[in-house]
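# Descriptive structure summary
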Amino acid sequence: MSDNDTTADARTRRAYLKYSGAVIGGGLLAGCTGDADSQSTPAATDSDTSTATDTPGATPTPATSEPYTVSMEPMGEVTFESVPERWMAYFSTYGDMAIALGQLDGLAGLIFTENWPMAFFDAIPDMDVTFDDIPQLMGEGGIDKEAFYEMGSDVHLFDPNFVQVLDDTWTDEDFAEITDNVGPILGNSIRRRTDDWHDYRYYSLYEAFELIADVFQERERYEAVADLHNSLLSEIDAGLPPEDERPTVGLLSINSDFEGGAFYAYPVHDGNGHKQYRDLGMRGAFDDVIDGSYAEWDYEQLLDVDPDILLFQYGFSHVSTGEFEDRMATMHEDPIGQQLSAVRNDRLYRGGTSYQGPIINLFQTEIAAKQFYPEVFGEWRGLGDIPTEERLFDRQRLADIINGEFDPA
């Protein structure tokens, strides 16, 4: 199929969608170099404590055939003349949002299908989330532009600047071509707030989620998930011990070199990637000793700080239970590692992915609450071993919202 043929087909499919407003251009699409997260993952805000609000940039409208607009930096205002049916996303932040809004059947592709914490979705009753037949756009040669034509998505949920971080062969003109010939792009990289290339507005998880809800005209689902989230935070806030009684938590990457004794260590940052830790009042053991977004430490440096707990980021997304236990055994066997308080007291925990949407965040917040404060929220015994009465949010309610079988009141 020629480019002209695919362009003509795409324009026909997009007859009811158009892009307007701020054009992706110039400094908005500057690339950047990677960091410890991007090296160790496959390419992972403000506390979201409010319920649905009038997010600046959102134009909430009921489901209708009338045109409506959604505005989000860095793209600006996007006009839709009908609700998108087919969509694609970068990974498990915006992909999670669309699934929470009941849009799983319209998923056409993902830049990354790997390393989602699928156990969380498996724990939701009446849900079957699988990506077996979903194309992954990222390959050894980068991201193929032709794949966007083949998917024929009505909307593309990603920050184009971050896509350029992943594949710097993409240009402003490439994104404009996809926008004009296939469908609009909408998204903002919200994982952390320390990237030099991200010189425009950040959004909290629920600010971004609200805008994606407006894209799909799913205001009631959004508000129901937001209520579930706020109820969880209210329960946590009521049970948090005084700050000086909370354990110190050292955040490491599960993708570290355990055999070589070299670890990626993180402070707790302000982006969405560490939202659950801030919501839990986590005392980040490395916050005052790491200058920047991460550091590479050995066992001696870990022992100098000696946190009460060691939490391994990406522990639910990048390794199996067995692989996690093998790496923890390596720490127990190391002559310096076995001196760490967290090792001696068996407080080594699987941590969450930093690429989280609302579903993943609910699970990761509950899990961390039990890991940090078992005397308050119940002991962490594994995802499948939490008694119903000890769960901090209602799985069935979440399933009903996603499936559209809920009372919005």
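Throughout what follows, the structure given in this document is the object of discussion. (Residues numbered from 1 in each chain as written. Predicted model: local features only at pLDDT ≥ 70, side-chain atom pairs only at ≥ 80, totals over all residues. Heavy atoms only, no water.)

## Thoughts on the packing of helix α8 (residues 205-215) against helix α9 (residues 219-239)
The geometry of α8 relative to α9 is characterised by a closest axis approach of 8 Å and an angle of 160° between their N-to-C directions. Here α9 runs roughly antiparallel to α8, going by the angle between their axes. Judged by the twist between their axes, the crossing of α8 over α9 is right-handed. Residues Tyr-206, Phe-209, Glu-210, Ala-213 and Asp-214 of α8 pack against Arg-219, Tyr-222, Val-225, Ala-226 and His-229 of α9. In terms of residue class, the contact of α8 with α9 is made up of 6 nonpolar, 1 polar and 3 charged. (Axes fitted to C-alpha atoms, helices over the stretch in contact; angles between N-to-C directions. Helix = DSSP H or I, 4+ residues; strand = E, 2+ residues; numbered from the N terminus. Parallel < 35°, antiparallel > 145°, perpendicular 65-115°, else oblique. Left-handed = near helix turned anticlockwise from the far one by under 90°. Contact = heavy atoms within 4.5 Å. Nonpolar A, V, L, I, M, F, W, Y, C, P; charged D, E, K, R; others polar.)

## A few points about the sheet that holds strand β4 (residues 107-110)
Taken in spatial order, the 3 strands of this open sheet run β4-β3-β7, and their pairing is parallel. The open sheet terminates on both sides in strands that have one partner only, identified here as β4 and β7 (155-157). The sheet shows a mean angle of 20° between the axes of neighbouring strands, taken without regard to direction. As paired elements, strand β3 (residues 87-89) and β4 share 3 bridges and run parallel to each other. (Pairing = 2+ DSSP bridges.)

## Looking at the packing of aromatic side chains
Following the criterion strictly, the structure yields 32 aromatic pairs and no others. Taking 4.9 Å as the distance between ring centres and 70° as the angle between the ring planes, the aromatic pair formed by Phe-286 and Trp-297 counts as edge-to-face. Taken as a pair, Phe-286 in the loop between β10 (283-284) and β11 (295-297) and Trp-297 in strand β11 lie far apart in primary sequence, 11 residues in all. Using a relative accessible area of 0% as the deciding quantity, one classes Phe-286 as buried. Residue classification places Trp-297 among the buried residues on the basis of a relative accessible area of 10%. Linked through ring pairs, Tyr-90, Phe-91, Phe-112, Trp-116, Phe-121, Phe-131, Phe-162, Trp-197 and Tyr-355 together constitute an aromatic cluster. Against the face of Phe-393 rests Arg-395, its NZ or CZ located 4.6 Å from the ring centre. (Phe/Tyr/Trp six-rings, centres within 6.5 Å; stacked < 30°, edge-to-face > 60°. Buried < 20%, exposed > 50% of the residue type's maximum accessible area, 1.4 Å probe, protein only. Lys NZ or Arg CZ within 6 Å of the ring centre and 35° of its normal.)

## A look at the packing of α9 against helix α14 (residues 358-372)
Relative to each other, α9 and α14 sit at 15°, their axes nearing to 11 Å. Comparing the axis directions of α9 and α14 gives the class roughly parallel. Handedness of the α9/α14 crossing: left-handed. Side by side, α9 and α14 meet where Val-225, Leu-228, His-229, Leu-232, Leu-233 and Ile-236 of the first sit next to Pro-358, Asn-361, Leu-362, Thr-365 and Ala-369 of the second.

## Focus: the pairing of strand β8 (residues 248-253)
Within β8, 6 of the 6 residues are buried, which leaves it mostly tucked inside the rest of the structure. By the alternation rule, side chains of β8 split into Thr-248, Gly-250 and Leu-252 and Val-249, Leu-251 and Ser-253, which are all buried. Of the strand pairs in this sheet, β8 and β10 are connected by 2 bridges, and their pairing is parallel. Looking at β10, one finds that Thr-248 is bridged to Arg-283. Of the pairings in the sheet, the one linking β8 to strand β12 (residues 309-313) comprises 5 bridges and is parallel in character. Bridge pairing links Leu-251 to Leu-311 in β12. When β8 meets strand β9 (residues 263-266), the two strands line up antiparallel, connected through 2 bridges.

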